[in-house]
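Residues per chain are reported as follows:
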Amino acid sequence: MTWLRRFAARLSGTAEVPADFAGALGADERVLAVARAADGPLVATHLGLWLPEGRLLGWHLVSKATWRDGVLIVVEAVESGSAGDAVLLRDLRPLRLRLAEPGTLPEVVHTRVTGSIRSTEHRELPGGGARFVQRKVPGRNGLVLQVRADPGTDERSLAPVAAEVAQRLHRSR
């Protein structure tokens, strides 16, 4: 990091990016917190959480994050399809990140994940259920409707319901 960027980081109250950071921040990406895991640094920005391997996980794709006993557990969601204007999600296995020096990173992660959620509702459906979540996506206008099927619920049967809910939400805006 250049001396100018370090100086600007100190003035603005943002964290410095470690020298071994594997990612590539955008020109206007603001660093909010930094912590060190065994595999390398984690960097939280206004866009998401940079993982040690240098991959950005957007806040809108963090289903759940918990901080306990020095371990940050992050459940990442992937987009498994779409249904009209709704996005279907599927959760991946939790990432367990032991943080040697957590600093403010756990609080920033909690604030950003919960701050991206505008509404959430669980619905029982024939053959299962699903969670419907309206979220703000950093860098985009408006909200996105995300739908996560409960374990055992068939996504194909969920898609028409998700599309209908998205259409109703769109009309009500």
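This section reports on the structure supplied with the text. (Residues numbered from 1 in each chain as written. Predicted model: local features only at pLDDT ≥ 70, side-chain atom pairs only at ≥ 80, totals over all residues. Heavy atoms only, no water.)

So, the overall build of the protein
Consideration 1: Of regular secondary structure, the protein possesses three helices and eleven strands.
Consideration 2: Beginning at the N terminus, the succession of helices and strands in the protein can be written as α-β-β-β-β-β-β-β-β-α-β-β-β-α.
Consideration 3: Here the protein holds 173 residues, and the buried ones make up 40% of them.
Consideration 4: Taking the contacts inside the protein whose residues are at least 6 apart along the sequence as the reference set, 41% of them involve residues at least 24 apart.
Consideration 5: As displayed, the protein offers around 9,800 Å² of accessible surface, 52% of which is attributable to carbon and sulfur atoms.
Consideration 6: Across the protein, the 24 positively charged side chains and the 19 negatively charged ones have centroids separated by 3 Å. (Helix = DSSP H or I, 4+ residues; strand = E, 2+ residues; numbered from the N terminus. Buried < 20%, exposed > 50% of the residue type's maximum accessible area, 1.4 Å probe, protein only. Contact = heavy atoms within 4.5 Å. Areas by Shrake-Rupley, 256 points an atom, 1.4 Å probe, with all protein chains shown as cover. Lys, Arg positive; Asp, Glu negative; His and termini not counted. Charge placed at Lys NZ, Arg CZ, Asp CG, Glu CD.)

Description of the packing of aromatic side chains
When we look at a pair of aromatic rings, we describe it by the centre distance and by the angle of the planes.
Consideration 1: Scanning the model with the defined rule gives one aromatic pair in all.
Consideration 2: Judged by centre distance (5.5 Å) and plane angle (80°), the rings of Phe-21 and Trp-50 are edge-to-face. Taken as a pair, Phe-21 in the loop between helix 1 (3-12) and strand 1 (31-37) and Trp-50 in strand 3 (residues 48-50) lie far apart in primary sequence, 29 residues in all. There is no split in this pair, since Phe-21 and Trp-50 are both buried. (Phe/Tyr/Trp six-rings, centres within 6.5 Å; stacked < 30°, edge-to-face > 60°.)

Section: the environment of Pro-102
Consideration 1: Within the element layout of this structure, Pro-102 appears in the loop between strand 8 (95-101) and helix 2 (105-116).
Consideration 2: Between the alpha carbons of Pro-102 and Ala-22 there is a distance of 18 Å; along the sequence they are 80 residues apart.
Consideration 3: Residues in contact with Pro-102, not counting those within four places in the same chain, are Val-34, Ala-35 and Trp-67.

A short note on the environment of Gly-142
Consideration 1: Mapped onto the fold, Gly-142 is located in the loop between strand 10 (128-136) and strand 11 (143-149).
Consideration 2: Since its relative accessible area comes to 44%, Gly-142 is described here as partly exposed.
Consideration 3: Excluding residues that lie within four positions of it along the chain, Gly-142 makes contacts with Arg-135, Lys-136 and Val-137.

Regarding the side chain of Arg-148
Consideration 1: Mapped onto the fold, Arg-148 is located in strand 11.
Consideration 2: Here Asp-91 takes part through its side chain, which lies 3.0 Å from a polar atom of the side chain of Arg-148.
Consideration 3: What Arg-148 contacts, discounting residues up to four positions off in sequence, is Ser-63, Ala-77, Leu-89, Asp-91, Ala-130 and Arg-131. (Polar contact = N/O pair within 3.5 Å; in protein donor to acceptor, adjacent residues only side chain to side chain.)

Concerning the side chain of Gln-134
Consideration 1: Along the chain, Gln-134 falls in strand 10.
Consideration 2: Leave out the neighbours within four places in its chain, and Gln-134 touches Ser-116, Ile-117, Arg-118, Ser-119, Leu-143, Val-144, Leu-145, Leu-169 and Arg-173.

Some details on the pairing of strand 8
Consideration 1: Of the pairings in the sheet, the one linking strand 1 to strand 8 comprises two bridges and is antiparallel in character. Its bridge partner being in strand 8, Ala-37 is matched across the sheet by Leu-99.
Consideration 2: For strand 6 (residues 71-83) and strand 8, the ladder comprises four bridges, and the chain directions are antiparallel. Bridge pairing in strand 8 places Val-74 opposite Leu-95. (Pairing = 2+ DSSP bridges.)

Some details on a positive patch on the surface
Consideration 1: Side chains of Lys-64, Arg-68, Arg-96 and Arg-98 sit close together on the surface and give a patch of like positive charge.
Consideration 2: Elements supplying a minimum of two residues to the positive patch: strand 5 (62-68) and strand 8. (Patch = residues over 30% accessible without salt bridge, like charges linked within 9 Å, V, L, I, M, F, W, Y side chains within 5 Å. Salt bridge = Lys/Arg side-chain N within 4 Å of Asp/Glu carboxyl O.)

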